[in-house]
Structures are given as C-alpha cells and as structure tokens.
Amino acid sequence: MSWKQLFRRKRENADEVAETTDSALSTVREAERRRLARLLERRAALQYDLAQAEQALLAENRWTERIRELDAALAQVEAELAQLEGSPVRTSEPALPAIAVEVTVAAEAQPATISVAIDGMTFRWVEEVDWAERGHQLAPARLRRMEGDEAVLLAEVGYGRPREELRETLAASLELLAADALAAARREGVVWVPLTLADLACPCDRCGSWRDIRGRCPSCTARDWQRQQLLLERNQLRHERDAVYRDWQRTRDRLPVVRRQLAEIEADIRALEAKGVRPSDAS
C-alpha cells in the first residue's frame, strides 16, 4: 500500500470519528433541550401552586369567601325548614256526611259503564278502549266521566263554598272509585265493601286538608316532598362546604413542599442554562 493510500484511509477514519462525535453531541443537546422545556413547564405549574398556597395563608381568600356563601345558603335552608315544620295546622272543615254511595257496574256492556249514585245525584263513566283496525287494543282502557259534578254534590250536602282541596280530593276519589269498581266486577270472588260519602274525602288531622279514598293527603304529600328537597339541598351544601374547607387546608399545608420543589427546579434550570442549553436552540 502506498503512502498516499494510507494517508487517505486515515483521513476517512478521522472524518467518520468526527461525524460520530458530532451526532452524539447533537443527540445529547436535543435531550437537554427537551428536559429544559419540561422543567420550564413544571416551574410554571409550581409558581401557580405557590401563589395559591400563599393566598391560602391570607385571612381573606377565595376559600373563606366561598365558605361564607355556603353558610348563608345553609342558613336560608334551615330557616325554610323551620318555617315548614312550624306551619300552623289549618282548622279542618266539618266531615262530609255519611251518605250511602251506590255503585252500579255494567262490566259486560259495550262499552262498560260505571254509575255512582250519591244523595240522588248520579256520576257516570264510560270505558274508552283504543282499538286497532285488526281488533288489537293499542293502549290500556281509560274511563271518561260523562255525568256528574262534585261541586254541585258538595253544595247539596251543605258545602256551598268548599275549599279547592276538598273539591279536588272528592273528584280524585270518585275517579278511583269508578276504576276500582270496574276492576272488582271483572274479578271473581271480590266482595264490594259498602261506602259512604264520608269515605271519599275525610279531614286530614295532620295538616287540616283532606284525604282521598285511599287515605292520601295531597297537601301532606307536597309538604313531605318539599321537606325532602330541602334536606337534600342542605346535605349537598354541607358536603360542598366540607370539600372547600379540606381543599383550603390542603393548599395551605403544601406551601413548604411547593417552595422546596420550586427551588430544586430552579437549580436544575440554572445548571442547564449554564451549559448553554436553550429551548429555542435550532441545532
């Protein structure tokens, strides 16, 4: 091998070593730039956490403001509950007279009819069935009142100006009575128990309103629903207040940890910047 060939080979080897070294340095520098970018993002997050923790040490902060708002809302709910519980019971109207109720059911008729006679007044219902063209029933049958007025009946028995609750309760009981009578007529072995007008609407000793034929008082039902809603709202407000307080304490307690972590991040960033690493380096 001539000296020229030997010199050329040594030069090629040196170029390969230089290229390998440059590639390794480029890879290391790129890794350092990525690490610096992550450190800068972490520092920004820690600076936010530091500001929050320092705010938590103040006598007035966003947590104390929210807790005051929740306390005010809780006080309002408690006042509404106390008002609901302390509402005076209305004086009940006199009970309805025990006038016999005569029920007649023509279950086999087309359509089926139900008649209820009270003190010479007749209430009558007709069953309406929604049939398809091929004779299939599309929806459950329902009763439609064709005759009778509960307001007139109440006036006949001495309630010339009844409260709206009494009229609505009596109307609902009559509808239930008709549906129950038809269902009983279509079941074998069912014995119909005689009823009176007093059974269709009786005074509620709890709130002074009226109970229907099944012993249900719409006023008490609405009152109980309102109470449940207030209790649910109170529990939700209490849970939120406790959560805000815990977050406040947790943020305040993290202050020493955040400061230490931020100092470590700052030291790592300074070390990289001292080596000339910049996030915007292009090479």
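Quick note: structure is the one above.
### Here we look at the environment of Ala 185
Phase 1: Looking at the element boundaries, Ala 185 is found in helix H4 (residues 164–185).
Phase 2: Separated by 77 residues in the primary sequence, Ala 185 and Glu 108 place their C-alpha atoms 9.5 Å from one another.
Phase 3: Leaving out residues up to four positions away in the same chain, Ala 185 has contacts with Val 105 and Ala 107.

### Looking at the pairing of strand S2 (residues 113–118)
The side chains of a regular strand alternate, residue by residue, between the two faces of the sheet.
Phase 1: Only one face of S2 is covered, namely the face carrying Ile 114, Val 116 and Ile 118; the face carrying Thr 113, Ser 115 and Ala 117 is uncovered.
Phase 2: Relative to S2, strand S1 (residues 100–106) runs antiparallel, the two being bridged by six bridges. Residue pairing in the sheet places Thr 104 in a bridge with Ser 115 of S2.
Phase 3: Between S1 and S2, which pair antiparallel and follow one another directly, the connecting turn spans six residues.

### So, helix H6 (residues 218–253)
Phase 1: Spanning 36 residues, H6 covers 53 Å between terminal C-alpha atoms, matching the ideal 52 Å at 1.5 Å per step.
Phase 2: Burial in H6 covers these residues: Cys 220, Arg 227, Leu 230, Arg 234, Leu 237, Val 244, Trp 248, Gln 249 and Thr 251.

### Quick notes on the packing of aromatic side chains
Phase 1: In this structure the tally under the stated criterion is two aromatic pairs.
Phase 2: Here Phe 123 and Trp 125 contribute two aromatic rings whose centre-to-centre distance is 6.4 Å and whose plane-to-plane angle is 20°, an arrangement assigned as stacked. Across the pair, Trp 125 and Phe 123 agree in class, each one buried.
Phase 3: When the ring of Tyr 245 is compared with that of Trp 248, the centres are 5.8 Å apart and the planes differ by 90°; the resulting orientation is edge-to-face. Of this pair, Tyr 245 and Trp 248 both sit in helix H6, three residues apart, which is roughly one turn of that helix.
Phase 4: Judged by its relative accessible area of 44%, Tyr 245 falls in the partly exposed class.
Phase 5: The buried category is assigned to Trp 248, whose relative accessible area is 14%.
Phase 6: Here the guanidinium or amino end of Arg 62 rests over the ring plane of Trp 63, the centre of that ring lying 3.9 Å away.
Phase 7: Across from the ring centre of Trp 248, 5.3 Å away, lies the NZ or CZ of Arg 252, which sits over that ring.

What counts, and at which threshold
- Residues numbered from 1 in each chain as written.
- Predicted model: local features only at pLDDT ≥ 70, side-chain atom pairs only at ≥ 80, totals over all residues.
- Heavy atoms only, no water.
- Helix = DSSP H or I, 4+ residues; strand = E, 2+ residues; numbered from the N terminus.
- Contact = heavy atoms within 4.5 Å.
- Buried < 20%, exposed > 50% of the residue type's maximum accessible area, 1.4 Å probe, protein only.
- Pairing = 2+ DSSP bridges.
- Expected span 1.5 Å × (residues − 1).
- Phe/Tyr/Trp six-rings, centres within 6.5 Å; stacked < 30°, edge-to-face > 60°.
- Lys NZ or Arg CZ within 6 Å of the ring centre and 35° of its normal.

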